[in-house]
Amino acid sequence: MKVLIAPMAAMAPTNGPFSRTAALCQALRDAGHEVALCAAVDVNYRPLDGVYNYEAPLPAPLGLPKALGLLFIKMVQQLGLQEKADVKSFEQVLFFTGALKAGFFRKDVNCLRKAIAAYQPDLVYAEFRPAALVAARLEKVKRVTGYSYPVQPNYAASPEFAGDVKQVLKADGLPPVNSVLDIFDWADLKIVPSSYELEPIKDNRVVFTGPFSKPILTAAAPQQRNKIIAYFGTGTISAKKVVKTLTEAFGETETEVYIATSQVKPCHDQNIFVASRFDFAELMPQALVYLNHGGQNSVMTGLIYGVPQIIFPGNIFERQYNAASIEQLKAGLVDELGSASEIPINTTKSIPELTPFFRRGMSSERLYH
């Protein structure tokens, strides 16, 4: 089988879509299938050995020219404005990235159609990229999409941002939509890299797979848990605040703290370790708690390894949903302020007392079967 994978693109760092794309590529190739990409070469992209990448456009924030878009992102990061953002739907995310502007959306669909015509895939996999589902429908190719509970339009949608896309669909003779998120319903199959317990979607086209990157689990006795792992992605809390607060809370203690971020320079100060990435397969079995932003990949990592989580979702709809689900499953806690843009030191210092409350993390057997 030939599969064309089309991940969403963004000028800002967002690890989830391309990390899932890379994992899916490897799994498909290991199973004997042919794979190609149609991915924009953005800050998250990396070449994959033996996988051809067809040209794709890169959106700029709010549809700004590329140079201004890069400047806008740097300004937002430097001023910490991303911490104050109130993101209410995935449709709003796509609008802010510039992916819903008429000119860009048309260009994206056309590039995808060219890739489909050249590669002749049996199916197109859209990693949260509506334009890929539009192109595949126009080319009459089977359609599969990544999906999640909070992407459902009946959960959170912003139809006020759909006007340009509606014009493109009308010009191509496609059915009208109320929200851009309605396009996900054009898929023949929806893949949720999570579990039903976390995202109880009732749709016979949905398949729950668990994380694409399956953690390395051993039957060995649990190691001593004396480490704190922190990863906050982009947008909720600045990396400088994370490093400062956790250093103040745990510096010069016996607890080792590992902070994964590419937004500050790597450093090692006694028991505080900062780097762009760590081997979570090695660290998670020794983790006392996992502090994170509530991204789908992050919460699933914590669940798979049975590590209690404290989640700081900020004002971002998807992360708030995931955080609430984790708390409901008694696998973690949401920070008491909910939308805090900083980590209260009194919360971090109480981690050793909090962890027995939610040691009952979901087992890997429940997530994968």
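Read on for an overview of the structure.

Definitions and limits used
Residues numbered from 1 in each chain as written. Predicted model: local features only at pLDDT ≥ 70, side-chain atom pairs only at ≥ 80, totals over all residues. Heavy atoms only, no water. Helix = DSSP H or I, 4+ residues; strand = E, 2+ residues; numbered from the N terminus. Contact = heavy atoms within 4.5 Å. Buried < 20%, exposed > 50% of the residue type's maximum accessible area, 1.4 Å probe, protein only. Pairing = 2+ DSSP bridges. Axes fitted to C-alpha atoms, helices over the stretch in contact; angles between N-to-C directions. Phe/Tyr/Trp six-rings, centres within 6.5 Å; stacked < 30°, edge-to-face > 60°. Lys NZ or Arg CZ within 6 Å of the ring centre and 35° of its normal. Expected span 1.5 Å × (residues − 1). Arc of directions from axis to C-beta. Parallel < 35°, antiparallel > 145°, perpendicular 65-115°, else oblique. Left-handed = near helix turned anticlockwise from the far one by under 90°. Nonpolar A, V, L, I, M, F, W, Y, C, P; charged D, E, K, R; others polar.

**Details of the environment of cysteine 25**
- Along the polypeptide, cysteine 25 turns up in helix H1 (residues 15-30).
- For the pair cysteine 25 and leucine 48, spaced 23 residues apart in the sequence, the C-alpha separation amounts to 8.5 Å.
- Leaving out residues up to four positions away in the same chain, cysteine 25 has contacts with Ile5, Val35, Leu37, Leu48 and Val51.

**Some points on the environment of leucine 28**
- Tracing the sequence through the fold places leucine 28 in helix H1.
- By relative accessible area, which is 15% here, leucine 28 ends up buried.
- Each C-alpha atom, one on leucine 28 and one on valine 3, is 8.4 Å from the other, the two residues being 25 residues apart in sequence.
- In contact with leucine 28, not counting residues within four places along its chain, are Val3, Ile5, His33 and Val35.

**Re the sheet that holds strand E13 (residues 309-311)**
- Strand order in this open sheet of seven strands is E10-E11-E9-E8-E12-E13-E14, and the pairing throughout is mixed. A strand with exactly one partner marks an edge of an open sheet, and here the two such strands are strand E10 (267-269) and strand E14 (332-334). Each adjacent strand pair in this sheet contributes to an overall mean axis angle of 15°, direction not counted.
- The pairing of strand E12 (residues 287-292) with E13 spans three bridges and is parallel. Directly across from leucine 291, in E13, lies its bridge partner isoleucine 310.
- Across the face of the sheet, helix H7 (residues 239-250) comes into contact with strand E8 (227-231), strand E9 (256-260), strand E11 (272-275) and E12 while running at roughly 175° to E9.

**With respect to the packing of aromatic side chains**
- Counted under the stated rule, the structure contains 17 aromatic pairs.
- Where phenylalanine 280 meets tyrosine 290, the ring centres are 6.0 Å apart and the plane angle is 85°; that geometry is what we call edge-to-face. Residue phenylalanine 280 is found in helix H8 (residues 280-283), and its partner tyrosine 290 is found in strand E12; the two are separated by 10 residues along the sequence. For the residue pair phenylalanine 280 and tyrosine 290, the accessibility class agrees, reading buried in each case.
- A connected cluster of aromatic rings, assembled from ring pairs, spans Phe90, Phe128, Tyr147 and Phe184.
- The ring of tyrosine 119 is capped by lysine 2, whose NZ or CZ atom sits 4.4 Å from the centre of that ring.
- The ring of tyrosine 147 has lysine 190 sitting right over it, with the charged end atom 4.5 Å from the ring centre.

**Overview of the pairing of E8**
- The buried count for E8 comes to four of five residues, which makes it a mostly enclosed element.
- With five bridges connecting them, E8 and E9 associate as parallel partners. Paired with isoleucine 228 across the bridge in E9 is valine 257.
- The pairing of E8 with E12 spans five bridges and is classified as parallel. What sits directly across from alanine 230, in E12, is leucine 291.

**Brief notes about helix H4 (residues 102-119)**
- In this model, H4 (18 residues) spans 26 Å end to end at C-alpha, consistent with the 26 Å of a helix rising 1.5 Å per residue.
- Within H4, the full set of buried residues consists of Phe104, Phe105, Asp108, Val109, Cys111, Leu112, Ala115, Ile116 and Tyr119. Taken down its axis, H4 places every buried residue within 165° of arc, on the same side. Across H4 from its buried face, at more than 90 degrees, point the exposed residues Gly103, Lys114 and Ala118.

**Some remarks on the sheet that holds strand E7 (residues 206-208)**
- Read from one edge to the other, the open sheet built from seven strands follows the order E3-E2-E1-E4-E5-E6-E7, with strand pairing classed as parallel. Only two strands of the sheet have a single neighbouring strand rather than two, namely strand E3 (52-54) and E7. Averaged over neighbouring strand pairs, the angle between their axes works out to 25° when direction is ignored.
- One ladder, built from three bridges, connects strand E5 (residues 142-146) with strand E6 (residues 189-192); its direction is parallel. Residue glycine 146 lies in a different strand from E6, and its bridge partner there is isoleucine 191.

**Notes on the packing of helix H9 (residues 296-305) against helix H10 (residues 317-328)**
- Running from N to C, H9 and H10 point in directions that differ by 15°, and their axes come no closer than 10 Å. Judged by the inter-axis angle, H9 sits roughly parallel to H10. Both H9 and H10 take part in a crossing whose hand is right-handed. Of H10, the residues touching H9 (which contributes Gln296, Val299 and Leu303) are Glu318, Asn322 and Ile326.
- Partitioned by chemical class, the residues of the contact of H9 with H10 number three nonpolar, two polar and one charged.

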